[in-house]
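Secondary and tertiary structure notes
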Amino acid sequence: MSASTHLNSSATDGPPSPHTNGSGPLHGLRVLDAGFVYAAPIAAMLLGDYGADVIKIEHPQGDPARTHGWQKDGHGLWWKVIARNKRTVTLNFSSAEGRVLLCALLREADVFVENFRPGVLEAWGLGPEVMHSINPRLIILRVTGFGQQGPYAQRRAFGTLAEAMSGFAHQTGQETGPPTLPPFGLADGVAGITGALAITLALYHRDARGGKGQVIDLSLLEPLLGILGPGPTVFDQLGIAPGRHGNRSPNNSPRNAYQCNDDRWVAISASSTSIARRVLQLVGHPQIAEEPWFTHAGERAKRADLLDQLVGDWIAARSFETVVAAFTDAGAAIAPIYDIGQLMTDPHILHRQSIITCEDEDLGPIRMQNIFFRMSQTPGAVHFTGRRLGQDNHDVFTEAGVDGATLARLSREGTI
């Protein structure tokens, strides 16, 4: 692969970027995030949350996620979250010099994340074989709708299609209503978390077991299918295709959303018999808990109409605060159904800092979700929010050995 881009063979590491994470269990790892929109970038975001130096590589026109959804003053708010802890560079892979620059970055990388359709990178001469010839230790995460192989591999796909095909939509919604899709990127989020797990497994194999780099083939469909319960096994063994039950569960009762007399809502789940008994005692029907069928969750589910009536009537006669306090005191599992504004003022959320405030260079203080889990010895952190398009071009490409004059020319030509 040849081009006129000049790379300094004597480039040194130089001082660390002020935006490079300085702690966390993945400190010292470099991740190239060439994904766009959601699933692949979420996987890279999680690695950055725990210390990896993530370099977000975008086409010079920018990741479409920058303009998806709500914006303020021209800045995408979801972008500020999923691009957090990432340095941003622009690079056009379809140009010869862009491919040379990518190869220079690959030499020093530990992980490469992408979600192009199968065959696109290969058509550019950038398939896994080429990448591993440059860096045999490289972990390559390839995220697609349906995987790298199979009859649907070349189909264009988004998370919505995975949510439809997986069985999720078929099981979601009211029993007499239509299949229901989620109003957010559920399949992308599940795939993103799965991708981060797969990368850490591959890194463990490489670094702790003396292995080498490998390719991870991750579809949006399969992780979501994997968390939807025993549907395939139930159908195989019983011939039953799980359907829609609204807010009820086919496995236990009472389990539903119930409205209080001040129009607030609560959710109850009584999966265990002991909790179900406490609920019935609280709402004034302890005799129901003494029925022989009550000790079997499946039998309770068959009588959901009765149990929902008894529980729902009691809740409907009382205020939200009264209901929550009574259930909490009785040790009966309950949770308020919050909108996001109510969640952000909840004392437990505030105590655990589940929502944090970050300083953003465009918008000032902004709040967003904190890291997903807490580690006692190697904690993660949000160090900075999503950055501007190409903001770190100079630092990152200089680290890769590109001189200033070449960078200026490549910028003029639209390569970066």
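Note: the structure precedes this text.
Description of the structure in this document. (Residues numbered from 1 in each chain as written. Predicted model: local features only at pLDDT ≥ 70, side-chain atom pairs only at ≥ 80, totals over all residues. Heavy atoms only, no water.)

Quick look at the overall build of the protein now. Of the regular secondary structure elements, the protein holds 18 helices and 13 strands. By principal-axis analysis of the C-alpha atoms, the protein measures approximately 85 × 50 × 40 Å. When contacts within the protein are restricted to residue pairs at least 6 apart in sequence, long-range pairs at least 24 apart make up 71% of them. Entry remark: accessible area of the protein is about 20,600 Å², with carbon and sulfur atoms responsible for 55%. Taking the 35 positively charged and 41 negatively charged side chains of the protein as two groups, their mean positions are separated by 2 Å. (Helix = DSSP H or I, 4+ residues; strand = E, 2+ residues; numbered from the N terminus. Contact = heavy atoms within 4.5 Å. Areas by Shrake-Rupley, 256 points an atom, 1.4 Å probe, with all protein chains shown as cover. Lys, Arg positive; Asp, Glu negative; His and termini not counted. Charge placed at Lys NZ, Arg CZ, Asp CG, Glu CD.)

What follows is about the sheet that holds strand β6 (residues 111–114). Reading across from one edge, β5-β2-β1-β6-β7-β8 is the order of the 6 strands in this open sheet, with parallel pairing throughout. With partners counted over all chains shown, the strands left at the sheet margins are β5 (86–90) and β8 (214–219), one partner each. Strand-to-strand twist of the sheet, defined as the mean angle between neighbouring strand axes without regard to direction, takes the value 20°. Pairing geometry for strand β1 (residues 30–33) and β6, over 3 bridges, is parallel. Across the sheet, Asp33 pairs through a bridge with Val113, a residue of β6. Against the sheet, helix α1 (residues 39–49) engages β1, β2 (53–58), β5, β6 and β7 (139–144), with an angle of about 160° to β1. Helix α3 (residues 96–107) contacts β1, β2 and β6 of the sheet and is inclined by roughly 150° relative to β1. (Pairing = 2+ DSSP bridges. Axes fitted to C-alpha atoms, helices over the stretch in contact; angles between N-to-C directions.)

With that settled, the discussion passes to the side chain of Asp188. With respect to the helices and strands, Asp188 occurs in helix α8 (residues 186–208). Although Asp188 is buried, it forms no salt bridge, and the closest oppositely charged side chain is Lys56 at an N-O distance of 11 Å. A polar atom in the side chain of Asp188 sits 3.3 Å from the backbone nitrogen of Ala39. The contact partners of Asp188, leaving out residues within four places of it in the chain, are Tyr38, Ala39, Ile42, Gly159 and Leu220. (Buried < 20%, exposed > 50% of the residue type's maximum accessible area, 1.4 Å probe, protein only. Salt bridge = Lys/Arg side-chain N within 4 Å of Asp/Glu carboxyl O. Polar contact = N/O pair within 3.5 Å; in protein donor to acceptor, adjacent residues only side chain to side chain.)

Enumeration over the complete set of coordinates arrives at 25 salt bridges. A salt bridge links Arg87 to Glu399; its shortest N-O distance comes to 3.0 Å. Residue Arg87 is found in strand β5, and its partner Glu399 is found in helix α17 (residues 393–399); the two are separated by 312 residues along the sequence. According to the relative accessible area criterion, Arg87 is buried, its value standing at 1%. Residue Glu97 is joined to Arg409 by a salt bridge in which the shortest nitrogen-to-oxygen separation is 2.9 Å. Note that Glu97 is positioned in helix α3 and Arg409 in helix α18 (residues 404–413), a separation of 312 residues in sequence. Look at Glu97 and you get buried, because its relative accessible area is 11%. Members of the salt-bridge network, linked through shared partners, are Arg30, Asp53, Arg87 and Glu399.

This part covers the packing of aromatic side chains. For the coordinates displayed, the defined rule picks out 9 aromatic pairs. Judged by centre distance (5.9 Å) and plane angle (65°), the rings of Trp314 and Phe327 are edge-to-face. Linking Trp314 in helix α13 (residues 304–316) with Phe327 in helix α14 (residues 320–330), this pair joins segments that are 13 residues apart in sequence. Each member of the pair Trp314 and Phe327 is classed as buried. Residue placement shows Arg264 over the ring face of Phe320; its charged tip is 3.8 Å from the ring centre. When the ring centre of Phe294 is taken as origin, the NZ or CZ atom of Arg300, which lies over that ring, is 5.4 Å away. (Phe/Tyr/Trp six-rings, centres within 6.5 Å; stacked < 30°, edge-to-face > 60°. Lys NZ or Arg CZ within 6 Å of the ring centre and 35° of its normal.)

We now examine α1. Within α1, 11 of the 11 residues are buried, leaving the element largely enclosed by the surrounding structure. By the burial criterion, the buried members of α1 are Ala39, Ala40, Pro41, Ile42, Ala43, Ala44, Met45, Leu46, Leu47, Gly48 and Asp49. Just past α1, the residue Gly51 takes up positive phi, approximately 110°.

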